[in-house]
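Listed below are the residues making up each chain.
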Amino acid sequence: MESIGILGVGQAGGNLAEIASSMGFQTALINTNKRDGIVNTKVERKYFVPGYNGAGQDRSIGLKAVNDNYREIVDFVKNSFKKIKLLLVAFSTDGGTGSGMSPLLIDLLLEHMSGVNIGAIPIVPDRNVLTGNRINATECIEELSKINSLSSVFLVDNDQMRKLNPQSSKHQIYLSSNQQVMEAIKSVLQVTKKSSFYGNFDETDLMNILGTRGVTIISSASITDAKTTSDVTSKIQQSWATSVFCPVESTGVIRSGLIYEGPEKMAKLINVPSIFERIGEPLELFEGTYFSESDPTVTTILAGLAFPSRRLHALEESLEKNKDRLQNLVKKEHTQKYESKIAWASTLKAKPQERKSSTVTSKLDKYQK
Ligand SMILES: Nc1nc2c(ncn2[C@@H]2O[C@H](COP(=O)(O)OP(=O)(O)OP(=O)(O)O)[C@@H](O)[C@H]2O)c(=O)[nH]1
Ligand SMILES: [Mg+2]
């Protein structure tokens, strides 16, 4: 049984939980809309908030769903996961259900699930989303960033897969993002089950890293073609920029893991100081070395990073630029009306004849000759 559980909230969260189920993780999902959650057939544990029919991109509806049902929801989550050390809550930040529910839900779970670390897998939307989604995403990420005692936040960046496959459909991008995220987490968990003569990376090491508050990324670099130390360093640093997660922007990694798998002769090209030169040496580094004849790969885990302000400002930028136009749109919603220039013409329309009542004698008098 894996020691990491995945709880999906909303549609995107459910999709991530679905893939996690097929990889052997314990999973569960929560939605305000039964029709969304029902398609994730591999997830066995499901909670649909009663009385709701989706949140229609309105975060306040997601928030209300937790407010009104938090006892049932917390019990559902507690009963869904057995003996896990880390629970990761997965959701998109730009919809209504996952984005509105998750920050409060995470805060409540931190209170009610002592002994289990709680982290998050929030999805940052791609560059094509519209104003309402951008507002949701920034509000949600701001709330998350303020939660105390929260473990690793894996910020999934939907733009990353789009950059690599510009021709792909939205659906393909979502699917490959979900796959990559779960594979990254699965791969480091797999390593903790291996044995090595030279340096084991065990589950305690992994949980130490993933328990760190802040943004975490996991990336793998194939170093088959590397000839020198600096080749290896640059391939690793490149993997931080091209993973499925928001690229590393600033210095200040707190805890880190460095795992080498491959032939012995390539291992000597790994130079720790040069790898961390750009982002600063972490407080603690947990290393694992596993010799085999497989293609040489270096997997790095960087935890405790700051929220990527450049990436997030890019989301906010189009709102700043269009502030007046957007505010006018809102004003217009409540004031707009159409005024016809032929209002006078309504008198032309056929009207039922009016029958004036008169006495019989007056009618008789009228025809009197
Ligand atoms: N990576 C990834 N992103 C997804 C996926 N599905 C949806 N998205 C992203 O999530 C956003 C939509 O959010 P949903 O998860 O559908 O929203 P929700 O939480 O169900 O909330 P409501 O539908 O408003 O009730 C899209 O703009 C995408 O950014 C997915 O499977 N993978
Ligand atoms: Mg939905």
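Bear in mind the structure is a predicted one, so any value in this text is a computation, not a measurement. (Residues numbered from 1 in each chain as written. Chains lettered and ligands numbered in written order. Predicted model: local features only at pLDDT ≥ 70, side-chain atom pairs only at ≥ 80, totals over all residues. Heavy atoms only, no water.)

Backbone geometry places Q57, a non-glycine residue, at a positive phi of 60°. Relative to the assigned elements, Q57 resides in the loop between β3 (45-48) and α3 (59-80). With phi around 55°, K83 is a residue other than glycine that occupies positive phi space. (Helix = DSSP H or I, 4+ residues; strand = E, 2+ residues; numbered from the N terminus.)

Turning next to the domain arrangement of the protein. Under the domain assignment used here, the protein contains domain 1 (1-191) and domain 2 (203-306). Just the C-alpha atoms count here: the centres of domain 1 and domain 2 sit 26 Å apart. Across the boundary between the two partners, domain 1 contributes 30 residues, which contact 24 residues of domain 2. Between domain 1 and domain 2 the total buried area reaches about 2200 Å² when both faces are included, carbon and sulfur atoms providing 64% of it. On the domain 1 side of the contact with domain 2, F154, V188 and V191 bury the most area, a combined 26% of that side's loss. The interface formed by domain 1 and domain 2 contains 1 salt bridge. Notably, a salt bridge pairs E203 with K85, separated by 2.7 Å at the nearest N-O pair. Linking domain 1 with domain 2 are 13 residue pairs in polar contact (both at pLDDT 80 or more). Looking at the side of domain 1 that touches domain 2, the elements that each hand over two or more residues are β5 (117-124), β6 (152-153), β7 (156-157), α6 (158-164) and α7 (170-191). Among the elements that make up the side of domain 1 that touches domain 2, the one with the highest residue count is α7 (8 residues). (Domains from an automatic or database assignment. Contact = heavy atoms within 4.5 Å. Buried area = accessible area lost by both parts, 1.4 Å probe. Salt bridge = Lys/Arg side-chain N within 4 Å of Asp/Glu carboxyl O. Polar contact = N/O pair within 3.5 Å; in protein donor to acceptor, adjacent residues only side chain to side chain.)

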